[in-house]
Amino acid sequence: MNLGTNIINGQYLTFNEALNIYQDNEIDTLTLVNEAYKVRYHYYGKKVKLNMILNAKSGICPEDCGYCGQSRDVKKKEQRYALIPETQIVDGAKVASENKIGTYCIVMSGRGPSDKEISHITRSVEEIKRNHPQLKICACLGLTNEEQAESLKNCGVDRYNHNINTSAHYHDEVVTTHSFDDRVNTINIMKEKNISPCSGVICGMGESDEDIIDMAFTLNDLDADSIPINFLHPIKGTKFGSMDDLTPMKCIRILCMFRLINPTKEIRIAGGREVNLRNLQSLSLMVANSIFVGDYLITDGQPNQLDYDMIQDLGFEIDG
């Protein structure tokens with residue numbers, strides 16, 4: 001199979017070609033890993049980018065996202081607090097810098113930030129950039145407008161995350177309080193303001209094979225620079241709290257398709273990797289070139305040292 005080489009040479013997959021490859025049981029998943037690794041190595045070598053999340057505001061949200069433990073429909077929220085002090089946000093950046101993190105992600109629950117919250121974030125980012133100029137800042141604050149995006153750009157925010165989460169076709173099965181177009185609009189606003197767009201997905205919520213391939217092509221069309229792939233970590237009390245659609249090899253196959261469809265982009269293994277990939281986490285780095293280190297929003301990650309050891313054992317190196 002010369003799939004990886006062909007993609008490197010500009011022979012990109014069509015939707016139907018990608019779907020057929022994903023569904024073809026005659027194509028072994030490890031064969032796909034080999035092809036995806038050719039592409040990963042061509043564009044990223046053996047580098048691994050590290051990212052860390054700060055949950056700056058938690059559990060206060062009017063949205064009904066079916067995967068989220070912070071949703072309005074979850075009666076008992078594990079963590080619930082308003083926007084944390086600026087000093088705490090700045091201190092988190094110091095921890096990130098000390099732990100070889102390349103991108104520090106400031107995340108807020110809710111539909112979108114108020115102007116007061118934007119000011120709070122921008123002051124924090126300005127201080128972080130003074131102290132840690134090498135640290136890339138990613139904000140994930142929900143739906144925003146052009147004025148808010150302009151403020152984020154001016155203070156030094158490098159990247160903005162707003163996941164599409166699923167396909168346009170399956171979106172209403174996941175959330176009803178905002179539209180798929182609302183999400184795409186926020187991504188496009190960030191691009192217009194020259195903020196690097198980060199957008200990804202959550203797999204394992206009952207979506208079809210066609211939906212998975214559609215997500216990958218949608219992100220290609222949006223030209224997202226960074227694509228976090230989350231694997232559903234079911235949370236009790238949510239719509240998808242009892243869902244169990246994933247196996248480690250299925251997760252690997254999904255990662256391969258996102259790499260092959262988005263060959264030049266940062267593919268990041270995100271939430272749910274520990275519980276869904278299990279012992280295949282190291283194999284996933286043959287395809288992806290980026291991971292989150294530490295805990296997620298309301299679920300635990302594994303100890304940082306395990307990630308550093310995994311990267312070293314593969315013969316890979318931390319980017320930056």
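Residues numbered from 1 in each chain as written. Predicted model: local features only at pLDDT ≥ 70, side-chain atom pairs only at ≥ 80, totals over all residues. Heavy atoms only, no water.

The protein chain goes by Biotin synthase in an unreviewed UniProt entry, where it is assigned to Mammaliicoccus vitulinus. UniProt lists a comment for the protein chain under the heading Catalytic activity (unreviewed entry), and it reads "(4R,5S)-dethiobiotin + (sulfur carrier)-SH + 2 reduced [2Fe-2S]-[ferredoxin] + 2 S-adenosyl-L-methionine = (sulfur carrier)-H + biotin + 2 5'-deoxyadenosine + 2 L-methionine + 2 oxidized [2Fe-2S]-[ferredoxin]". (UniProt positions renumbered as here; feature names shortened; annotations may be inferred.)

**Q** Go over the packing of aromatic side chains, please, and point to the residues and values.
**A** Using the criterion set out here, one finds two aromatic pairs in the structure. A ring pair is formed by Tyr-37 and Tyr-41, whose centres lie 5.9 Å apart and whose planes are at 40°; its orientation type is tilted. Here Tyr-37 and its partner Tyr-41 are both found in helix α3 (residues 29-44), four residues apart, which amounts to about one turn of the helix. Owing to a relative accessible area of 45%, Tyr-41 belongs among the partly exposed residues under this scheme. (Phe/Tyr/Trp six-rings, centres within 6.5 Å; stacked < 30°, edge-to-face > 60°. Helix = DSSP H or I, 4+ residues; strand = E, 2+ residues; numbered from the N terminus. Buried < 20%, exposed > 50% of the residue type's maximum accessible area, 1.4 Å probe, protein only.)

**Q** Tell me about the layout of surface pockets, residues and numbers included.
**A** The computed volume of the largest pocket comes to approximately 260 Å³. Lining the largest pocket are 15 residues, with Ile-101, Gly-102, Thr-103, Asp-319 and Gly-320 sitting closest to its centre. If you tally residues by element for the lining of the largest pocket, the top one is strand β1 (residues 47-57), at three residues. (1 Å grid on protein atoms, 1.4 Å probe; cavity = no way out; pocket = protein on both sides within 12 Å on 5 of 7 lines; lining within 4 Å. Points joined across faces, edges and corners; volume = space filled by probe spheres on them.)

**Q** Let's hear about a negative patch on the surface: which residues, and what values?
**A** Together, Asp-115, Glu-146, Glu-147 and Glu-192 give the surface a local cluster of negative charge. Turning to its location among the elements, Asp-115 is positioned in helix α5 (residues 115-131). In this structure Asp-115 comes out as exposed when scored by relative accessible area, which is 55%. (Patch = residues over 30% accessible without salt bridge, like charges linked within 9 Å, V, L, I, M, F, W, Y side chains within 5 Å. Areas by Shrake-Rupley, 256 points an atom, 1.4 Å probe, with all protein chains shown as cover. Salt bridge = Lys/Arg side-chain N within 4 Å of Asp/Glu carboxyl O. Lys, Arg positive; Asp, Glu negative; His and termini not counted. Charge placed at Lys NZ, Arg CZ, Asp CG, Glu CD.)

**Q** Describe the packing of helix α4 (residues 86-98) against α5, naming the residues involved and giving the relevant values.
**A** Between α4 and α5, whose axes approach to 9 Å, the crossing angle comes to 35°. Here α4 runs over α5; the crossing is right-handed. Residues Glu-86, Ile-89, Val-90 and Ala-93 of α4 lie in contact with α5, whose contacting residues are His-120, Ile-121, Arg-123, Ser-124, Glu-127, Ile-128 and Asn-131. Across the contact of α4 with α5, the residue classes break down as five nonpolar, three polar and three charged. (Axes fitted to C-alpha atoms, helices over the stretch in contact; angles between N-to-C directions. Left-handed = near helix turned anticlockwise from the far one by under 90°. Contact = heavy atoms within 4.5 Å. Nonpolar A, V, L, I, M, F, W, Y, C, P; charged D, E, K, R; others polar.)

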